[in-house]
Amino acid sequence: MSGTLYIVATPIGNLGDLTPRAAETFARADFIAAEDTRVTLKLLNHLGLKKPMVSYYEHNLRERGDYILDRIAAGESCALCSDAGMPAISDPGEVIVRDAHARGIPVVPVPAASAAVTALCVSGQVTGRFVFEGFLPTNRRQKKERLDALQNEERTVIFYEAPHKLPTTLADLEGAFGAQRSLTVCRELTKLHEEIRVTTVGEANAYYKENPPRGEFVLVMAGAPPEAPAGQTLEEAAAVARRRMAAGESAAAAAKYAAAHSAFSKSEIYRRCMEEAEGHAGDDREDV
């Protein structure tokens, strides 16, 4: 009878985020498949566990993946984990999961933190729709092609980046999307030196040219603004903002939303809304 492949999330920085269920799964598994056994050994020592481990990574995956799945098919249970966060997300474990399904092996998630979703929820960017790009290609041509494909992407875009590649990536983002595109830079999430910086692509590029980046980064970039309706007037754009204000949204937030969906700036729309409000106030005084 086949065993089970458990996909076990590990903390992305703070060991206090390890879930009781994850700890229990590690304890009950027959063996552990780890992206880096040295990293996972520290976690097991923290839990007071000793378990046989098998390493898997991009360059040994074909050999180790079959070995891991053969053991599970023979009846053993395996807890698969990456160095941090959810396995199989920007991680070679995705191949093991796919092959496990193909062989009819049960795959059970043991979820917790993911750096991408953690960054998104604190970014201040739009969270309703987003696209995860992970690490951009290191090849210059392939990287340019990927960024070109995102030119008209209206959903929030999430990238992972290593510190030594961050300056080049920020320069490439500015070249592709402009200096004013909103960007949230999340560094060392859940760790001692956690930093969440809401800025723009251009400002982040300038900052990290002068300040060498340290730690692991998640970049959460605003999507492209939708094309403005043809022939829309400033008054029509302001009317969009006023409807949102009437629903309880602040004037600044409503103007920002309307600007993203029009050819007019936030300040133009805000000013028009304020002029309209002052005009109504004057009408009310005359009625008295």
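Keep in mind the model is a prediction, meaning the values are calculated, not measured.

> Would you take a moment to explain the nonpolar core for this structure?
Across soluble globular proteins, nonpolar side chains show a tendency to be buried alongside one another. Residues Phe159, Leu170, Leu173, Leu183 and Leu219 are the most contacted members of the largest nonpolar core, which totals 19 residues. Among the elements that line this core, the one with the most residues is helix H7 (residues 166-177), at five residues. The residues touching Leu219, leaving out its near neighbours within four places in the chain, are Val157, Ile158, Phe159, Leu166, Thr169, Leu170, Leu173, Leu183, Thr184 and Val185. Counting 18 residues, the second largest nonpolar core, distinct from the first, contains Ile7, Ala33, Tyr56 and Leu69.

> Is there a simple way to think about the pattern of salt bridges in this case?
Opposite charge on two side chains allows them to pair when their charged atoms are near. As enumerated under the stated definition, the model contains 18 salt bridges in all. A salt bridge links Arg242 to Glu235, with the nearest nitrogen and oxygen atoms 2.4 Å apart. We classify Glu235 as partly exposed; its relative accessible area is 31%. Shared partners join several salt bridges into a network, and the residues in it are Glu235, Arg242, Arg272 and Glu275.

> Explanation requested: the confidence of the model for the protein chain in the structure shown.
Regions with low pLDDT should not have their predicted coordinates read in detail. With 95% of its residues at a pLDDT of 70 or more, the protein chain shows a mean pLDDT of 90. Counting interchain partners and residues more than four positions distant, the pLDDT-below-50 stretch residues 283-288 has zero contacts.

> Help me understand the sheet that holds strand S8 (residues 182-187), please; the structure alone is not making it clear to me.
Hydrogen bonds along the backbone pair up the strands of a sheet, which may run parallel or antiparallel. Within the open sheet, the five strands sit side by side as S6-S7-S10-S8-S9. Their pairing is mixed. Both edges of this open sheet fall to strand S6 (130-135) and strand S9 (195-200), since each of them pairs with a single strand only. The average undirected angle you get between the axes of adjacent strands in this sheet is 15°. One ladder, built from five bridges, connects strand S7 (residues 156-161) with strand S10 (residues 217-221); its direction is antiparallel. Counterpart to Glu161 in the pairing with S10 is Phe217. Sheet strands in contact with H7 are S7, S8 and S10, and its direction is about 10° off that of S10.

> What am I meant to see in unusual backbone geometry here?
A negative phi holds for most residues other than glycine; trans holds for most peptide bonds. Positive phi, close to 55°, is recorded for Glu188, a residue that is not glycine. Locating Glu188 in the fold gives a position in the loop between S8 and S9. Residue Glu188 is classed as buried on the basis of its relative accessible area, which comes to 16%. In the Ramachandran plot, Thr190 falls in the positive-phi region, its phi being about 70° despite a non-glycine side chain. When you line up the elements, Thr190 lands in the loop between S8 and S9.

Rules used in this analysis
Here, residues in each chain are numbered from 1, in the same order as that chain's written sequence. In keeping with the predicted nature of the model, local features appear solely for residues at pLDDT of at least 70, side-chain atom pairs appear and are counted solely at 80 or more, and the whole-chain, interface and lining totals rest on all residues. Think of the side-chain values as coming from all heavy atoms in the structure, minus any hydrogens and water. Among buried residues, those of type Ala, Val, Leu, Ile, Met, Phe, Trp, Tyr and Cys that are joined through side-chain atoms within 4.5 Å constitute a nonpolar core. To sort residues, take the accessible area from a 1.4 Å probe on protein chains only and compare it with the maximum for the residue type: under 20% means buried, over 50% means exposed, and anything in between is partly exposed. Only DSSP runs of H or I covering at least 4 residues are called helices, and only runs of E covering at least 2 are called strands; the numbering of each starts at the N terminus. Here, two residues are considered to be in contact whenever any of their heavy atoms come within 4.5 Å of each other. Think of a salt bridge as a Lys or Arg side-chain nitrogen and an Asp or Glu carboxyl oxygen that are within 4 Å of each other. Per-residue confidence from the predictor is reported as pLDDT, which spans 0 to 100. At least two DSSP bridges between two strands are needed for those strands to be called paired. The angle between two axes is taken between their N-to-C directions and runs from 0 to 180 degrees, where each axis is a line fitted to C-alpha atoms and a helix contributes only its stretch in contact.

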